[in-house]
Amino acid sequence: MMKFAPEPFKIKMVEKMGTLNKEERKAAIKAAGYNTFLLKSEECFIDLLTDSGTNAMSDHQWAGLMLGDEAYGGSRNFYHLEETVRELFGFKYVVPTHQGRGAENILSSLTIKPGDYVPGNMYFTTTRFHQERNGATFRDVIIDEAHDPTAILDFKGNVDLAKFQALIDEVGAEHIPYICLAVTVNLAGGQPVSIANIKAVSELAHKHGIKVMFDATRCVENAYFIKTREPGYQDKTIKEIIHEMFSYGDGCTMSGKKDCLTNIGGFLCMNDEDLYTRACGMVVQFEGMPSYGGMAGRDMEAMAIGLREAMDYEYISHRVNQIRYLGEKLDAAGVPMVKPYGGHAIFVDARAFLDHLDQATDFPAQALSAALYEISGVRTMERGIISAGRDNVTGEDHVPKLETIRLTIPRRVYTYAHLDYVADAVIELYKKRHDISGLRWVYEPKALRFFTGRFEPRNEELIKGY
Ligand SMILES: *Cc1c(COP(=O)(O)O)cnc(C)c1O
């Protein structure tokens, strides 16, 4: 057996990548204010900014686009999607939305009262935003090890049941409408949750009348880790594992831009008929008819087909192995990273990489992300002090423990040869790491500053002598 099996797909259509030379890249990152979000797509060679909506669709999905039924009401593509989600996830009701945050908006608005608490296994940006917007306080109940980049655990996304119990004791179950259980946990590095933990969370929650709502966005990646790591699941299919995972819950929110293998879309699921009725009432106000929810018929068709394709073991095994492949190459060269490698990305530890820079004044992850682009054309994302923003009340910077750049692998887009190039670029930069300058603000936006903020190097050049 090969350690890394080749891509389980062949290429039928190609898209040319940006091929700027060194001087052009230096000019491009300067013009973008040393912020990779502000680069043009055409200026990037390999684009690892995100795996959201960047999936490559299959020939079957592209064929499905031609079957789009764009009727305002009752599109047949919706019924196909509904039937697929019911079969694979096992929930009774499906409400389509334009993307994941549309589903989060509806769920949070309909279930949260001001003063409530919503526990979760680490926060996700848009998920927490909608909980707080509706008056809830988010409480992180993930195990402590999830916050430690060096802790090696099979299921580093698990809920700490004692933390969950303590919250119930503190505020009362009547103030906890649901627990949001993310599978896998994006911001912890794509770390999975075990079936044993899901079951235990479900028992504790249901004993107190608290609902279990999954953030199902990355559920296929989670199922892969269960199959390969949790005793008793080796012989089960991805489909069976997903069905079992969700059998312990009451519903989910889903972003179609990730594990559904499409470029846009999302949905909300539930078993509660009353909640479904109210969700349909709200979806017409914010998304569209309950038979399209902001999506074109063709997009719903592609999503129904993509979700079924994602159940294929060869597909998901290749995806997660690509992450591990990149991780192992970097590890062999001593590059510091968050471990174990998760389901969608490698997180390079920028604080350790640029140990001559200060997190609070030099913004090492922002500088590292810009420098990697400058030497290679590889685009990544800062996930550190810039992304964390300022405290609303004190105006001080949030200072996160994790100061990282995220190398996120889009689904079915790049090959192992592309990852070799990425690894070589990071390793070359690691050798030059002490030549990299810190950055300072030129323009700091008030909200979500990482998207449009602009910087300049503290020294004359971003990479000395390059
Ligand atoms: C992307 C994402 C979301 C939000 O979904 P959108 O489709 O971008 O609105 C929610 N949760 C997780 C874990 C995600 O990765």
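For the structure, check the block above.
Predicted model, so just to flag it, every value in this text is computed and none were measured. (Residues numbered from 1 in each chain as written. Predicted model: local features only at pLDDT ≥ 70, side-chain atom pairs only at ≥ 80, totals over all residues. Heavy atoms only, no water.)

Moving on: the environment of Arg-406. Position of Arg-406 among the secondary structure elements: in strand E12 (residues 404–408). In this structure Arg-406 comes out as buried when scored by relative accessible area, which is 5%. Distance from Arg-406 to Phe-451, taken between C-alpha atoms, is 15 Å for residues 45 residues apart in sequence. A polar atom in the side chain of Arg-406 sits 3.4 Å from the backbone oxygen of Leu-49. In terms of polar contacts, Arg-406 uses its side chain to reach the side chain of Thr-408, at 2.8 Å. (Helix = DSSP H or I, 4+ residues; strand = E, 2+ residues; numbered from the N terminus. Buried < 20%, exposed > 50% of the residue type's maximum accessible area, 1.4 Å probe, protein only. Polar contact = N/O pair within 3.5 Å; in protein donor to acceptor, adjacent residues only side chain to side chain.)

So, about the packing of aromatic side chains. Scanning the entire structure with this criterion turns up 20 aromatic pairs. Judged by centre distance (4.7 Å) and plane angle (70 degrees), the rings of Tyr-325 and Tyr-416 are edge-to-face. Taken together, the residues Tyr-325 in helix H12 (residues 313–332) and Tyr-416 in helix H17 (residues 416–431) connect sequence positions 91 residues apart. Side by side, Tyr-325 and Tyr-416 carry an identical accessibility label, which is buried. Stacked on the ring of Tyr-123, the Lys or Arg Arg-128 has its end atom at 4.0 Å from the ring centre. Positioned above the aromatic ring of Phe-450, the side-chain terminus of Arg-383 is 5.0 Å from the ring centre. (Phe/Tyr/Trp six-rings, centres within 6.5 Å; stacked < 30°, edge-to-face > 60°. Lys NZ or Arg CZ within 6 Å of the ring centre and 35° of its normal.)

All right, on to helix H11 (residues 297–309) then. End to end, H11 covers 19 Å across 13 residues, agreeing with the expected 18 Å (1.5 Å per residue, within 8%). In terms of burial, H11 is largely enclosed, as ten of its 13 residues are buried. Along its buried surface, H11 packs onto helix H2 (59–65), helix H3 (76–89), strand E7 (251–255), strand E8 (266–270) and H12. (Expected span 1.5 Å × (residues − 1). Contact = heavy atoms within 4.5 Å.)

On to the site of the ligand, then. In the vicinity of the ligand there are 13 residues, among which Gly-100, Arg-101, Asp-215, Ser-255 and Lys-258 approach most closely. At a separation of 2.7 Å, an oxygen atom of the ligand approaches a polar side-chain atom of Arg-101. Interatomic distance of 2.6 Å between a side-chain N/O atom of Asp-215 and a nitrogen atom of the ligand. Contact with the protein chains hides 96% of the accessible area of the ligand, taken as 380 Å² for the molecule alone. Here the shell around the ligand gets three residues from one element, more than from any other, and that element is helix H4 (residues 100–111). In terms of residue class, the shell around the ligand is built from one nonpolar, six polar and six charged. (Near = heavy atom within 4 Å. Areas by Shrake-Rupley, 256 points an atom, 1.4 Å probe, with all protein chains shown as cover. Nonpolar A, V, L, I, M, F, W, Y, C, P; charged D, E, K, R; others polar.)

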